[in-house]
Amino acid sequence: MLTRRGLLQRGLLLGGAATGAGSLLQLGLVRRAAAQSASGDYRALVCVLLAGGNDSFNMLVPWDSDSYAGYASMRSDLALPRSALRPLAGSDSAGRAYAVHPGMPGLQRLFNESDAALLNNVGALVAPLDSAAIAAGNWPVPLGLFSHADQIQQWQTAVSDARIAQGWGGRIADLLQASSPYNGLAMNISLSGNNVFQSGNTTTPYSITTDEQGARSLNGYTDDSPGGNFTRAVVDDLLASKQQQLLRREYGDRFTEALATQQAVSGALAMAQPLSTPFGADPFGQAMRQIARMISVRDQLGASRQTFFVTVGGWDHHDGLLENQASMLPMIDSGLLAFRDALGELGALPMVTTFTTSDFARTLTSNGKGSDHGWGGQHIVMGGAVNGGRYYGEYPDIHPDNPLDVGRGVYVPTTATDLYFAELARWFGVSDSDLSTVLPNLERFYSIGSGAPLGFMLDG
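Anyway, here's the lowdown on the structure attached to this text. (Residues numbered from 1 in each chain as written. Predicted model: local features only at pLDDT ≥ 70, side-chain atom pairs only at ≥ 80, totals over all residues. Heavy atoms only, no water.)

### Overview of helix α12 (residues 417-428)
Okay, step 1: For α12, which comprises 12 residues, the first-to-last C-alpha distance of 16 Å matches the rise-based estimate of 16 Å (1.5 Å per residue) to within 8%.
Okay, step 2: With 12 of its 12 residues buried, α12 lies for the most part within the structure.
Okay, step 3: Considered for burial, the residues of α12 that qualify are Thr 417, Asp 418, Leu 419, Tyr 420, Phe 421, Ala 422, Glu 423, Leu 424, Ala 425, Arg 426, Trp 427 and Phe 428. (Helix = DSSP H or I, 4+ residues; strand = E, 2+ residues; numbered from the N terminus. Expected span 1.5 Å × (residues − 1). Buried < 20%, exposed > 50% of the residue type's maximum accessible area, 1.4 Å probe, protein only.)

### Looking at the nonpolar core
Okay, step 1: With 121 residues, the main nonpolar core has Trp 168, Phe 339, Tyr 420 and Leu 424 as its most contacted residues.
Okay, step 2: Looking at this core element by element, the count peaks at 11 residues for helix α11 (residues 321-346).
Okay, step 3: Apart from the residues lying within four places of it in its own chain, the contact partners of Phe 339 are Val 46, Phe 279, Met 288, Ile 291, Ala 292, Ile 295, Val 352, Thr 354 and Met 382.
Okay, step 4: The next biggest cluster of nonpolar side chains, apart from the first, holds five residues, and it includes Leu 218, Tyr 221, Val 235 and Leu 259. (Core = buried A, V, L, I, M, F, W, Y, C linked by side-chain atoms within 4.5 Å. Contact = heavy atoms within 4.5 Å.)

### Notes on the side chain of Asp 372
Okay, step 1: Its place among the elements puts Asp 372 in the loop between β11 (352-358) and β12 (377-383).
Okay, step 2: In this structure Asp 372 comes out as buried when scored by relative accessible area, which is 16%.
Okay, step 3: A distance of 2.7 Å separates polar atoms of two side chains, one belonging to Asp 372 and the other to His 318.
Okay, step 4: What Asp 372 contacts, discounting residues up to four positions off in sequence, is His 318, Ala 361, Arg 362, Thr 363, Asn 367 and Arg 408. (Polar contact = N/O pair within 3.5 Å; in protein donor to acceptor, adjacent residues only side chain to side chain.)

### Points about the pairing of β11
Okay, step 1: Burial runs high along β11: seven of the seven residues are buried.
Okay, step 2: Where burial is concerned, the two faces of β11 agree: the one with Val 352, Thr 354, Thr 356 and Ser 358 and the one with Thr 353, Phe 355 and Thr 357 are both buried.
Okay, step 3: In this sheet, β11 lies alongside strand β2 (residues 43-50) in parallel orientation, the contact comprising seven bridges. Residue pairing across strands places Ala 44 opposite Val 352, the latter belonging to β11.
Okay, step 4: Pairing geometry for β11 and β12, over three bridges, is antiparallel. By the bridge assignment for β12, Phe 355 is matched with Val 381. (Pairing = 2+ DSSP bridges.)

### A word on the sheet that holds strand β4 (residues 86-87)
Okay, step 1: With antiparallel pairing, three strands are arranged side by side in an open sheet as β3-β5-β4. Every interior strand has two partners, whereas the edge strands, β3 (60-62) and β4, have only one.
Okay, step 2: Pairing of β3 with strand β5 (residues 98-100), which is carried by three bridges, proceeds in the antiparallel orientation. From the neighbouring strand, Pro 62 faces β5, where its bridge partner is Tyr 98.

### A word on the environment of Tyr 206
Okay, step 1: Among the secondary structure elements, Tyr 206 is positioned in strand β8 (residues 206-207).
Okay, step 2: For the pair Tyr 206 and Ser 190, spaced 16 residues apart in sequence, the C-alpha to C-alpha distance is 6.0 Å.
Okay, step 3: Ignoring any residue separated from it by four or fewer positions in sequence, one finds Tyr 206 in contact with Leu 185, Ala 186, Asn 188, Ile 189, Ser 190, Ala 215, Thr 261, Gln 262 and Val 265.

### A closer look at the pairing of β2
Okay, step 1: Buried residues dominate β2, accounting for seven of its eight residues.
Okay, step 2: Strand direction decides the pairing type here: β2 and strand β10 (residues 305-312), joined by eight bridges, are parallel. Paired with Cys 47 across the strands is Phe 309, a residue of β10.

### Overview of helix α8 (residues 226-240)
Residues spaced three or four apart along an α-helix point in a common direction, a consequence of the helix completing one turn every 3.6 residues.
Okay, step 1: Across its 15 residues, α8 extends 21 Å between first and last C-alpha, which sits within 8% of the 21 Å expected from 1.5 Å per residue.
Okay, step 2: Turning to α8, its buried residues number three or more, namely Gly 228, Thr 231, Arg 232, Val 234, Val 235 and Asp 236.

### Describing the layout of surface pockets
Okay, step 1: When its volume is computed, the second largest pocket comes out at roughly 350 Å³.
Okay, step 2: The wall of the second largest pocket is formed by 14 residues, among which Leu 238, Leu 239, Gln 243, Arg 248 and Gly 252 lie closest to the centre.
Okay, step 3: At the level of elements, α8 and α9 (246-270) are the ones that each hand at least two residues to the lining of the second largest pocket.
Okay, step 4: With seven residues, α9 is the largest single contributor of residues to the lining of the second largest pocket. (1 Å grid on protein atoms, 1.4 Å probe; cavity = no way out; pocket = protein on both sides within 12 Å on 5 of 7 lines; lining within 4 Å. Points joined across faces, edges and corners; volume = space filled by probe spheres on them.)

### Thoughts on the environment of Gly 377
Okay, step 1: Within the secondary structure, Gly 377 is located in strand β12.
Okay, step 2: The class of Gly 377 is buried, set by a relative accessible area of 2%.
Okay, step 3: Spatially, the C-alpha atom of Gly 377 lies 8.9 Å from that of Ser 358, the residues being 19 residues apart in sequence.
Okay, step 4: Setting aside residues no more than four positions away along its own chain, Gly 377 makes contact with Ser 56, Leu 119, Asn 120, Asn 121, Val 122 and Ala 361.

Okay, structure coming up:
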């Protein structure tokens, strides 16, 4: 027989989301019912982390004959055949044309339909660098350059000269979440558990799953069964007890809030608009489907600003680069295209901007099996508010004598991540006066208040 003591000894562990309705459901729904409808002013940022260091020089490849020849010569056995590439419309400011990986027809379509832009040679920097500074040999580098742990953190913190635990998405939530007092759900929602990007000084990400209920629940709490009823009654009784000790009282308040939030998220997703857009069964496709579902219930949850975070690992291709990218890039491609189409179906495309990050790019030269840790690389920005069908930043000339090459085809970034993130933060609603709080090193690269840092957002 399950007793009160036995229930407590089981640890009240939070497990997978379950269906049903507990007594705390009313608390969550009533609180959120007070939220003002925010759909007219809603905006979301979706961060896709390609963890391990995506070889983005094979994601976006020079297409015009002279530039491709330099690429093919330097990449040797890693070069993709020109005949297999998918050419993009238009050219960059220097008149050069580009193509995408053979497995990315969706990106080709998104770019050509102006729903995606491509950022070139982006990376973590301590200060602006050019070929003259590099030639002089007197230039600072980020902490732990070429280290996975350091570089993946710096892309999330936007601080390349110190190791800190707060991300720039978390700092945005610290600033903006106070302006949404009725929204009990965290502004930052993760499909990949805890992460630095969404962690602030006072805010933390809320983790959800890809199943239909979305939010993790207390084991058995929402079960419509005798055991579930007993569990619910005991837990509610415990949480209703007045605690004199401060830590117990705080723990009880947090636990109550967590249960209410889970109930509200699961309840809202149960009413989510069915999507006719098909998503892949792979983890990335399912994560993007869940984000679309969460966006579809933004009014029920009282959300006006949200960030979403999803990690896709396995990009550290020291060997098997061509084979691995041939299977992995199509997954990213189909997930992004389906997400764009689902947002269009929901009428939310102009409200959502999706962007990629990664530890670093990789060496242009081959190690005989794959490529090694690099620095600057290419990234995707997608959404209805993106000034798409264009290139931003400067794609480096690929040849052994490029002064940006610091060895083995490792190119020094010419566009700082600070500028990339500032453009996104401004579009999201961060004021110029708060930009240096969100991005502490931004003024090393950009005069705040001088307009759009890069120009890839239509109203950025």
